[in-house]
Each structure stands twice: as C-alpha cells, then as structure tokens.
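Here are the chains, one letter per residue:
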Amino acid sequence: MKKMGFSLFILMLLFITGCNEQQETKAGADYKPMISTESEIFGDTGNVENELSKEWKELGEVKQQVSQTEPMILGAAYISNTLPVGTKIFADEQQKDFIYAEYNNKYIEYEALESNR
C-alpha cells in the first residue's frame, strides 16, 4: 500500500513538472531586436546616436513588424521584430555591415548578423 502511494506521488510530481515545462516553452523567450532585408539580418548593438553624419542616407522604412518571440524572417522589404511599420532606416555606403533605425528622435545602431552576400 505504501509502495502504491509513493508511486502515485511520483507520477503526480512528474505530471506537474511536465505541465510547468510546457507553459515555460509556450511563453517563449524574446529574440533580440532585429531588422531584416531580403538577404541580411541585423541585430541591435545597444548603441544609440542623437544624430547621424551626412554620409548616412535614408534607405527606406520598416514595412512589416513580426513577433519578437519567433525566429526572424527574411523579406523583400525591411522587417522588424520590435520597431513599428514606418520606422525610417539609414545606411552609409562605406559601412555596409551597419544600419540605423530612427526611433523616438534617436538613431538605433544595428549590425549585420547573417549575410547571403
């Protein structure tokens, strides 16, 4: 009888632990802020500038926002997992591994993470 009670206790403990793990997996973790293009993914470096030099030109704007809890996707237009649609993107021809996003009157730096160049 004691053995059966102990087995039942272990089964219940395993069930509860499994349920908790499923909830944690469902909640997921946020990916770092990213912007993607057709062939590249840029990640937020944590650097923010108040203004950009004249070499930095506007390239376009974010056309799609995706979930930050899902892997980043590549697309024909700028896609972000944190910035709203319409956020302006800037680049300098001499620094191809970096772009900036204008947000709240600041410029957030993003560095190329992946490239198909």
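Residues numbered from 1 in each chain as written. Predicted model: local features only at pLDDT ≥ 70, side-chain atom pairs only at ≥ 80, totals over all residues. Heavy atoms only, no water.

(A) Spatial organisation of the layout of surface pockets. Taken as a whole, the largest pocket holds about 220 Å³ of empty space. Of all the secondary structure elements, the ones that give two or more residues to the lining of the largest pocket are β2 (40-49), β3 (57-65) and β6 (98-103). Among the residues making up the lining of the largest pocket, the classes are represented as six nonpolar, two polar and six charged. (1 Å grid on protein atoms, 1.4 Å probe; cavity = no way out; pocket = protein on both sides within 12 Å on 5 of 7 lines; lining within 4 Å. Points joined across faces, edges and corners; volume = space filled by probe spheres on them. Helix = DSSP H or I, 4+ residues; strand = E, 2+ residues; numbered from the N terminus. Nonpolar A, V, L, I, M, F, W, Y, C, P; charged D, E, K, R; others polar.)

(B) How the structure looks around the side chain of Glu109. Along the chain, Glu109 falls in strand β7 (residues 106-115). At 10.0 Å, Lys32 is the nearest oppositely charged side chain to Glu109, a buried residue that forms no salt bridge. Within polar-contact distance, the side chain of Glu109 engages the side chain of Asn47 at 2.7 Å. Within polar-contact distance, the side chain of Glu109 engages the side chain of Tyr100 at 3.0 Å. (Buried < 20%, exposed > 50% of the residue type's maximum accessible area, 1.4 Å probe, protein only. Lys, Arg positive; Asp, Glu negative; His and termini not counted. Salt bridge = Lys/Arg side-chain N within 4 Å of Asp/Glu carboxyl O. Polar contact = N/O pair within 3.5 Å; in protein donor to acceptor, adjacent residues only side chain to side chain.)

(C) Looking closely at the pattern of salt bridges. Within this structure, the stated rule accounts for two salt bridges. Measuring nitrogen to oxygen at the nearest pair gives 3.8 Å for the salt bridge that ties Glu61 to Lys63. When its relative accessible area of 52% is taken as the criterion, Lys63 is described as exposed. The shortest N-O distance in the salt bridge between Lys96 and Glu93 comes to 3.2 Å.

(D) Just unusual backbone geometry, in detail. If you check the backbone angles, Asn104 has positive phi at about 50 degrees while not being a glycine. Assignment of secondary structure puts Asn104 in the loop between β6 and β7. Residue classification places Asn104 among the exposed residues on the basis of a relative accessible area of 59%. Unusually for a residue other than glycine, Asn105 sits at a positive phi of about 60 degrees. Inspection of the secondary structure puts Asn105 in the loop between β6 and β7. Residue Asn105 is classed as exposed on the basis of its relative accessible area, which comes to 67%.

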